[in-house]
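# Topology and contacts: notes
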Amino acid sequence: MILTIAAKELRALFNAPLAWVVLAVLQVILAWIFLVSLDRYIALQPQLVQYPNPPGVTEFIVAPMFGSGAVVLLMLVPLLSMRLIAEERRNQTLTLLVSAPVSMTEIVVGKFLGLTLFLFAVVTLMAVMALSLIAGGKIDFGLLAANVIGLTLLGGAFAAIGLYISSLTANPVIAAVATLASLLVLWILNMGAPDPGSILHLLSLMKHYESFAKGVLDTGDLAYYALLIALFLLLAARRLDRDRLAS
Amino acid sequence: MPSLTTLPELIVGLPGTFATPGFSSALHPDPEPVSPPVLSARALSRDFGLRHAVREVSLTLARGEVLGLLGPNGAGKTTTMQMITGNLAPTAGEIQICGIDLLDHPTRAKARIGYLPETPPLYRDLTVDEFLRLAARLHRVPKARIASTVTQAQRRCGLTDMSARRIGALSKGYQQRVGIAQAIVHEPDLVVLDEPTVGLDPNQIREIRTLIRELADDHAVILSTHILPEVETVCDRVQILHQGQVVYTDNIAALKQYRGGHALTVALRRPPAVDDLKSLPGVRNVEVLSGDRFRLFHEADINPAETVVKRSVEQDWGLTELTPVETTLEEVFVHLTQSDAAEPPAP
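Residues numbered from 1 in each chain as written. Chains lettered and ligands numbered in written order. Predicted model: local features only at pLDDT ≥ 70, side-chain atom pairs only at ≥ 80, totals over all residues. Heavy atoms only, no water.

### Here we look at the overall build of chain A
Looking only at helices and strands, chain A has eleven helices and zero strands in total. When the helices and strands of chain A are placed in sequence order, the string is α-α-α-α-α-α-α-α-α-α-α. Looking at chain A residue by residue over its 247 residues, the buried ones come to 50%. Of the contacts made within chain A by residues no fewer than 6 positions apart, 75% connect residues no fewer than 24 positions apart. Within the structure as shown, chain A displays about 11,400 Å² of accessible surface, and the carbon and sulfur contribution to it stands at 71%. (Helix = DSSP H or I, 4+ residues; strand = E, 2+ residues; numbered from the N terminus. Buried < 20%, exposed > 50% of the residue type's maximum accessible area, 1.4 Å probe, protein only. Contact = heavy atoms within 4.5 Å. Areas by Shrake-Rupley, 256 points an atom, 1.4 Å probe, with all protein chains shown as cover.)

### Structural notes on a nonpolar patch on the surface
Residue and element names in this part refer to chain A. Taken together, the side chains of Val71, Met75, Leu180 and Leu184 make up a nonpolar region of the molecular surface, amounting to roughly 310 Å² of accessible area. Within the residue set of the nonpolar patch, elements represented by two or more residues are α3 (57-81) and α8 (172-188). Summarising the element assignment, Leu184 is placed in helix α8. Residue classification places Leu184 among the partly exposed residues on the basis of a relative accessible area of 36%. (Patch = residues over 30% accessible without salt bridge, like charges linked within 9 Å, V, L, I, M, F, W, Y side chains within 5 Å. Salt bridge = Lys/Arg side-chain N within 4 Å of Asp/Glu carboxyl O.)

### Focus: the interface of chain A and chain B
The figure often quoted for interface size is the accessible area lost as the parts come together. Between chain A and chain B, the residue contacts involve 24 residues of the former and 28 residues of the latter. Taken together, the two surfaces of chain A and chain B that pack against each other cover about 2,300 Å², and 62% of this comes from carbon and sulfur. For chain A, the biggest contributors to the area lost against chain B are A:Leu96, A:Pro101 and A:Arg244; these three give 30% of the whole. Our count for the chain A to chain B interface comes out at two salt bridges. Of the charged contacts, one joins A:Arg11 and B:Glu130 as a salt bridge, the two residues approaching to 3.1 Å between their closest N and O atoms. Going through the elements one at a time, α1 (2-15), α5 (94-99) and α11 (219-245) of chain A are the ones with two or more residues in the side of chain A that touches chain B. (Buried area = accessible area lost by both parts, 1.4 Å probe.)

### Looking at the side chain of B:Ser45
Residue and element names in this part refer to chain B. Residue placement: Ser45 occurs in strand β1 (residues 39-48). Here the side chain of Ser45 touches Glu56 through a polar contact of 3.0 Å, landing on its backbone nitrogen. With residues up to four places along the chain from it excluded, the contact list for Ser45 reads Val54, Arg55, Glu56, Met83, Pro90, Thr91 and Ala92. (Polar contact = N/O pair within 3.5 Å; in protein donor to acceptor, adjacent residues only side chain to side chain.)

### Some points on the nonpolar core
A:Phe66 and A:Leu205 are the most contacted members of the largest nonpolar core, which has 121 residues in total. Contact partners of A:Phe66, with chain neighbours within four places excluded, come to A:Val123, A:Met126, A:Ala127, A:Leu144, A:Asn147, A:Val148, A:Leu151 and A:Tyr209. Counting residues in hydrophobic clusters, the runner-up holds 28 residues, among them B:Ala75, B:Leu88, B:Leu190 and B:Leu241. (Core = buried A, V, L, I, M, F, W, Y, C linked by side-chain atoms within 4.5 Å.)

### Structural notes on the pairing of strand β10 (residues 245-251) of chain B
Residues and elements named next belong to chain B. The sheet contact formed by strand β9 (residues 237-242) and β10 spans six bridges and is antiparallel. When the sheet's bridge partners are listed, Gln239 is paired in β10 with Thr249. Between β9 and β10, which follow one another and run antiparallel, lie two residues, and Gln243 among them has a positive phi close to 50°. (Pairing = 2+ DSSP bridges.)

### What about the sheet that holds strand β14 (residues 319-324) of chain B?
Residues and elements named next belong to chain B. Spatially, β12-β13-β11-β14 is the arrangement adopted by the four strands of the open sheet, whose pairing is antiparallel. Among the strands making up the open sheet, the edge pair consists of β12 (283-288) and β14. On average, each strand axis in the sheet is inclined to that of its neighbour by 20°, with strand direction left out of account. Its contacts with the sheet put helix α13 (residues 305-315) on β11 (263-268), β13 (293-298) and β14, and the angle it makes with β14 is roughly 175°. (Axes fitted to C-alpha atoms, helices over the stretch in contact; angles between N-to-C directions.)

### Some remarks on the pattern of salt bridges
Once their charged atoms are close, side chains differing in charge can pair, the charge on each being opposite to the other. Residues and elements named next belong to chain A. Summed over all chains, the structure comprises 26 salt bridges over all chains. Put simply, Lys111 and Glu88 hold a salt bridge, and the shortest N to O gap is 2.6 Å. Residue Lys111 is located in helix α6 (residues 104-131), and its partner Glu88 is located in helix α4 (residues 83-90); the two are separated by 23 residues in the primary sequence.

### Describing the packing of helix α7 (residues 141-166) of chain A against α8(A)
Packed helix pairs are specified by the crossing angle of their axes together with the interaxial distance, meaning the distance between the axes. Residue and element names in this part refer to chain A. Relative orientation of the contacting elements α7 and α8 amounts to 135°, with a least axis distance of 9 Å. In terms of orientation, α7 lies oblique with respect to α8. You can see that α7 and α8 cross each other, and the crossing is right-handed. Here Leu154, Phe158, Ile161, Gly162, Ile165 and Ser166 of α7 come into contact with α8, specifically with Ala175, Ala178, Thr179, Ser182, Leu183, Leu186 and Trp187. (Parallel < 35°, antiparallel > 145°, perpendicular 65-115°, else oblique. Left-handed = near helix turned anticlockwise from the far one by under 90°.)

Pasting the structure below:
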């Protein structure tokens, strides 16, 4: 049932031109970043070899590209997540799902999965771009995998927050603006906290992504994203339930 | 029979006792056991803040029946339907679908309901075929049967030629049919239709009404409307809601009597004095509509139509019109809701 709803969301994305435009634009932007960093790497390569332990091509090109990808996803997800529930509510199509023998949790998880699968496709395209470096040298698969996992988790966290905010309103535009604002706040939360033990570091979306970018799979960071996703999905399911109960 | 049952258990378990296979097969030679009503809703109430949208509404419905929920706008029809279909939780009361409690086992109960809300929940970007397949999957129709149930629903709703069209490109009438197809695609026991003919042209209305009658062959149907003739053509039973309460429950024949109104409109080319008309047997009062048209109010049990015709011939009144006055829905409501001011109901 969850998969049916996820498939429906994916189909809705690809039925509209939005998903294709997003994929195309994203690909152009990331390819540009990729090329620029590749150029810089080639220019610097003669100097790099003089170091005893020089940064590899993956470290030099792929990690920064995924970092830029994270920023692009931050701006992209609100545009995609806004319609998940808010638009169905405005078009009064949510009744179809609520009247069907499906629980609110299944609806929410299905919608989340649909969007996350789309984001995973975006990340996969980036990984394919990175794999093209094999043609000219050796790449660090471990680092690449950590980046893929990190960026997918980050995208999932964005999607869960966007889904919850979309469940609060019947106006997709308000959902998009509010999601963008919330994600930005969570992103830059730790900027003003020089103390490394500050609780703001604990909450910041960016701080937890950093270890993945370095190729480290920290269980603490994995747990952070898993908990964040679970929390917002639970909140969204409760919000939908409240539509039924509230007076 | 169970041997050691205490009295309360026996009373509580009575319907269940009848449903046990051994017992029922002894009573009924056919294999079908006595089943609970398709819908049984007891004392449903729903408050929105301080406003009581629905108060103490009870509904029962058996297979093969069409129940009309009639009422003016804001009477609580939609709220009642939303509660029955699990879209809204009742403040008080209980709902059972084929004996399954909707509030305790929502997914099991919902699988037996098909619901067409006031605004059909249609994904405009999908084709009719894709949309109905999605609806079937969401209602847990087994994979192997999806294709056949979708074809069947399309055939019943006259959508076969439209299956490849995008829903957004269909006319309002066809969109309404897709809405109904969506409600019956999983062959539910209970079909709930909220104002299914609103916004359609007369031809489409007639087709949809025929379809609803056909649905009653193997489903139980509830439909809401504020159009009185619609109830009369389609429904077996009617419940009239007014300000969230049931003010009338009966079969259609009784409602028609209610509507009789006990008045005749008479047009005469050479009318006699008003007092002559008043003196006709059974006539209580006469209202002059224009120079030669009158409204005769008569007793419920004496219809003066025959006398009017006879006198007209005898005394050469020149009868040109004789019509029983049908009460409008508003008048029926006034009748039902202001019972202290109104006269006792029709025989």
